[in-house]
Each structure stands twice: as C-alpha cells, then as structure tokens.
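# An overview of the molecular structure
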Amino acid sequence: MIRAIILAAGLAFLSQPAFAATQAEAEAALAAAQAAESEAIAAKAAWTSTETALSNARKAFAAAKWDEAKAAADEATAQAKLSVEQSNEQKTVWRNAVIR
Amino acid sequence: MVPRNLKSAFYLVGEARPGSAAAPGRAWRHWCSRSAIALNLVCTLLLVSAAAKAADKSEPETDRKAFQAFFFAKFPHVAKDDFGNGPYAVNEAMRKQWKEIMEFPPYEIALDEGHAEWEKPFANGKHYADCFDNKGEGVRQTYPRFVAETGQVETLEGAINRCRVENGEKPLDPMTGTMASLTAAMAESSRGKPFAITIPDDPRALAAYERGKEFFYSRKGQLGVSCASCHMSPAGERMRGDILAPALGILAAMPIYRSDWGSMGTSIRRISTCSSQTRALPLKADDEDYRNLEYFLSYMSNGIPIVGPGTRP
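Because the structure is a prediction, the values reported are computed rather than measured.

Attention shifts here to the overall build of chain B. Within chain B, the regular secondary structure consists of 13 helices and 7 strands. Within chain B, buried positions represent 51% of all 313 residues. Look at the contacts in chain B between residues 6 or more apart in sequence, and 69% of them connect residues 24 or more apart. Entry remark: accessible area of chain B is about 14,900 Å², with carbon and sulfur atoms responsible for 56%.

Here it is in structure tokens:
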C-alpha cells in the first residue's frame, strides 16, 4: 500500500504535462478517470478527494483548459485506483485491528 | 497525496502497520520458504494453523466481552451506565458545559414534534404504534434487528419507513427532520433500558454481524483510517475541537441535536459525517453496509443503557 502510494504520487508528479495537452488527450483522461471512479463507487471504496479531483477536471474541461483538465483527471484516476486497492487490502488486514 | 504522518498516527496499539516487520507471520513465512525439507512438516502445520486463525469465525459474545473490557480498563472511573453520553462521559470540562446546556435541552422541540407526529394517524387511519411491539413504547434498545423475511438488518429508521410505506405513506429522510423527531420520541421512552440486540440462530444474521465488524475495523477514505482508529484507543482524546467518543455506547444517545449542524441527526447522519471526515465517500443512508455496522456497534453496546435523545457540540 505504502509503496503504491509513493508510486502513485510519483506518477501524478510525472504526469504533470511537460507540454500542452490536446483536447482529445484531456477527453481521454477524463473518460478514464470517470471509469476508474465508477469502479471505486461500485466497490464502495470511493474517496471524496477523488470526487473533488474529478469535478475539478470537469470544470477545467468545460473551460477549455486542457492541461488542467488532464492533470486533474490523471490525479482522479490515480486516487480511484488507490481507493480500490485500499479496499481490497482491507478485506484481510482488518482482522489485525480487532480488539481481543 | 495521502498525508503519511496522519496515516501512521492512527494505527492502534499492537496493530501491525502493513509492510512493517511486525506484520504477523511475515518473518516465519519467509523463513519457511527458505528452510530445509526436513522442516517442511513444521512449516505446513504453522501455515495450516495460521490459515485457520485468519478464517476466525466471529463469536459475538466473546467479541462483546473483550470490547467492553477494553473500555472498562481504559476508563476505570466512568460508570457503565454513563458510556452512552460519549464525550461528556470521558471529559470533565465537557461535562460541565453539558450540565449547562441541559437546563434547556435543544432537542425539546424535536421531542414535541416527534410526539405529535407519532399520534397523527396515517391516511388509512393506522398509526406508527400499530407497526411496533408494545406499540413502540420502550423498544428502541432492541434496534437494529435482523429480519428473517428479508435476511437483512433493519434499523429503527428503516422500521419507521417500512411502517410508513406499508401504510401508503412516503418514506422519510432517514438522516434528520421528522425521522429524527420520531426516533427522539422513541428513544425517550427507552431511556435507562440497556441495549438488548439479538443475533438469532441464522447464518445470515451472523454474517451481517461479521460484515458490520469488518466495516468498523477497516481503513477507509483518503486518510486511510477506520472507525476503530478514532473511537477505540484514542477515545477521550482531543481531535481538533472535539473529544473523541468511546465506541462503547456510541449510538446510545441517538438521535442528537448537534450545534455544529444546527439541527437533529440520526445515527446514520453522524456516521456519514464521520465517513466524510476520513474523506471516504459516504454510502447511501440505508446501505446494507451501514445497517450491518450499526448492528455490530449496537451489539457491542449490549448492557449499556439508552440515553437518547442527546445533545452535542
């Protein structure tokens, strides 16, 4: 989990566009983010922070700010994936926390 | 992205951090994988017994005793009957403020509204009282209940809404408003009656309990914390402006008038608020997971008296 977080943080950093994103790229990133978040919601694993990133992405897209839209969408995708990973991991490790 | 320091601050005493050397089993599993064939038998036995332990079936009564013993040891000066008062039970300064607030309890208006609504007949002439044991008097401590017909847990709010729907009325918002007023009136008639949650001899009931227990101990949200992370070991400690309520008796004061909301809220409103605070997206108010969670929490509180309706900062 920790490793995944560091990896995702790194990815989020690297995915900051070095050059301008196109509308098509922003659109694809937004679609990917929406799909990843739908999966997280279905698994009852979703985070409010993912929703915030997704909504920022939508707003930026509507304002034709493709760079910003793509960056926020990528952030949402990374968080949605982490949330599902967290939920899968907890399916077993929660037992370690039980008061006995 | 995830505040790491916050995350690590929330591990319970004795709880292994994932990936830490203390993670149970890691060391010997590693050792087993590299050891000589002659040791295989020993290793197999260890692995089998570990698997059996991991699949630990819940024994609700054993769980409850350990859960309550944890809080009685943590708060030796708090009377058992006081746990339902949450932050006021475990903090002297808060208790003083509370005594002042209680001169004019802010839930009084809701109680009046609740009693009036309770007496009002439905369009078909029936009443809420017709839907409950003992006409709804002094029964709050027996909710949530496992309902054999549906195979699911039903909360008090769920029972009220089922009553309405079966009598041709629209369901109420389970979080606040009229629903909170009705449950306030029901809670009042149960004051002093200890939680008496039953888990019938039905594998589905035990499974619901087990799922609720899993929810309580599972880390969720971007902050990666569980209900237990805040309401077990750190209970009684200050978090931002609040004193963390102990998980024992944590639903006994519901519904509550909370100054922060400026209105009444049911158990599920409070639980959803906590979910959001961990940056977990709250589930639907009547989601099965939340109902199971309330079932587990209320069962853990068996023997702790109802003190609701309550008031909170």
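Residues and elements named next belong to chain B. The mixed open sheet is built from 3 strands, whose spatial order is β6-β5-β7. Of all the strands in the sheet, the pair left with one neighbour each is β6 (263-265) and β7 (310-312). Along the sheet, successive strands turn relative to each other by an average axial angle of 35°, direction set aside. For strand β5 (residues 256-258) and β7, the ladder comprises 3 bridges, and the chain directions are parallel. The residue bridging Ile256 from the neighbouring strand is Gly310, located in β7.

So, on to the pattern of salt bridges. Within this structure, the stated rule accounts for 17 salt bridges over all chains. Its salt-bridge partner being B:Arg95, residue B:Asp82 comes within 3.0 Å of it at the nearest N-O pair. Here B:Asp82, found in the loop between α4 (60-74) and α5 (87-90), pairs with B:Arg95, found in helix α6 (residues 92-101); they are 13 residues apart in sequence, far enough to count as distant. Judged on exposure class, the residue B:Asp82 and its partner B:Arg95 are both buried. B:Asp130 is the salt-bridge partner of B:Lys135, the closest N and O atoms lying 3.7 Å from each other. Residue classification places B:Lys135 among the exposed positions, given a relative accessible area of 52%. Counted as one network, the salt bridges with shared partners bring together A:Lys44, B:Arg211, B:Glu214, B:Asp287 and B:Asp289.

Right, let's get into the packing of aromatic side chains. Residue and element names in this part refer to chain B. Considering all chains together, one arrives at 18 aromatic pairs over all chains under this definition. Centroid distance Tyr209 to Tyr299: 5.7 Å. Interplanar angle 80°. Geometry classified as edge-to-face. A residue pair is termed long-range when its members are at least 10 positions apart, and Tyr209 in helix α10 (residues 203-217) and Tyr299 in helix α13 (residues 288-300) qualify at 90 residues. For the residue pair Tyr209 and Tyr299, the accessibility class agrees, reading buried in each case. Grouped by ring-pair contacts, the aromatic residues Phe67, Phe70, Phe71, Tyr209, Phe216, Tyr217, Phe296 and Tyr299 constitute a single cluster.

Residues and elements named next belong to chain B. Every buried residue of α6 is accounted for by Met94, Arg95 and Trp98. Down the axis of α6, the sector holding all buried residues measures 100°, keeping them to one side. Exposed residues lying more than 90 degrees from the buried face of α6 are Glu92, Lys96, Lys99 and Glu100. Against α5, β4 (242-243) and β7 lie the buried residues of α6. Its side-chain oxygen 3.2 Å from the backbone nitrogen of Ala93, Asn91 forms the N-cap of α6.

Let us look at the state of the cysteines. Evaluated as defined, the whole model comprises 1 disulfide over all chains. The thiol of B:Cys230 is not disulfide-bonded; the next cysteine sulfur, from B:Cys274, is found 7.5 Å away.

In an α-helix, one turn spans 3.6 residues; hence positions three or four apart end up facing the same way. Look at α10(B): 21 Å from first C-alpha to last across 15 residues, which is about the 21 Å you get at 1.5 Å a residue. Of all the positions in α10(B), only B:Ala205, B:Ala208, B:Tyr209, B:Glu210, B:Gly212, B:Lys213, B:Glu214, B:Phe215, B:Phe216 and B:Tyr217 are classed as buried. Buried residues in α10(B) make contact with α4 (66-93) of chain A together with α4, β1 (145-147), β2 (152-154), α11 (227-231) and α13 of chain B.

The next point concerns the environment of B:Pro174. All names here are of chain B. Position of Pro174 relative to the elements: it lies in the loop between α8 (156-166) and α9 (177-188). For the pair Pro174 and Thr266, spaced 92 residues apart in the sequence, the C-alpha separation amounts to 7.2 Å. With sequence-adjacent residues up to four places away left out, Pro174 is seen in contact with Glu157, Met179, Thr266, Ile268 and Ala285.

A few words now on the packing of helix α2 (residues 23-42) of chain A against α4(A). Helix-helix packing is described using two parameters, namely the angle between the two axes and the distance between the axes. Residues and elements named next belong to chain A. Direction vectors running N to C along α2 and α4 enclose 20°, while the axes themselves pass 8 Å from each other. As summarised for this structure, α2 and α4 are arranged roughly parallel, according to the angle between their axes. α2 and α4 meet at a crossing whose hand is left-handed. The segment α2 lies against α4, with Gln23, Glu25, Ala26, Ala29, Leu30, Ala32, Ala33, Ala36, Glu37, Glu39 and Ala40 engaging Trp66, Ala69, Lys70, Ala73, Asp74, Ala76, Thr77, Ala80, Ser83 and Val84.

It is worth spelling out unusual backbone geometry at this point. B:Tyr143 connects to B:Pro144 through a cis peptide bond whose omega is 0°. Here B:Pro144 lies in the loop between α7 (108-119) and β1. B:Gly308 connects to B:Pro309 through a cis peptide bond whose omega is -5°. Within the secondary structure layout, B:Pro309 lies in the loop between α13 and β7. Unusually for a residue other than glycine, A:Lys44 sits at a positive phi of about 55°. Structurally, the position occupied by A:Lys44 is in the loop between α2 and α3 (48-62). For B:Arg279, which is not glycine, the phi dihedral falls at a positive 60°. Mapped onto the secondary structure, B:Arg279 falls in the loop between α12 (267-277) and α13.

The rules behind each value
- Residues numbered from 1 in each chain as written.
- Chains lettered and ligands numbered in written order.
- Predicted model: local features only at pLDDT ≥ 70, side-chain atom pairs only at ≥ 80, totals over all residues.
- Heavy atoms only, no water.
- Helix = DSSP H or I, 4+ residues; strand = E, 2+ residues; numbered from the N terminus.
- Buried < 20%, exposed > 50% of the residue type's maximum accessible area, 1.4 Å probe, protein only.
- Contact = heavy atoms within 4.5 Å.
- Areas by Shrake-Rupley, 256 points an atom, 1.4 Å probe, with all protein chains shown as cover.
- Pairing = 2+ DSSP bridges.
- Axes fitted to C-alpha atoms, helices over the stretch in contact; angles between N-to-C directions.
- Salt bridge = Lys/Arg side-chain N within 4 Å of Asp/Glu carboxyl O.
- Phe/Tyr/Trp six-rings, centres within 6.5 Å; stacked < 30°, edge-to-face > 60°.
- Arc of directions from axis to C-beta.
- Polar contact = N/O pair within 3.5 Å; in protein donor to acceptor, adjacent residues only side chain to side chain.
- Disulfide = S-S within 2.5 Å.
- Expected span 1.5 Å × (residues − 1).
- Parallel < 35°, antiparallel > 145°, perpendicular 65-115°, else oblique.
- Left-handed = near helix turned anticlockwise from the far one by under 90°.

Any link to function would need more than the numbers given here.
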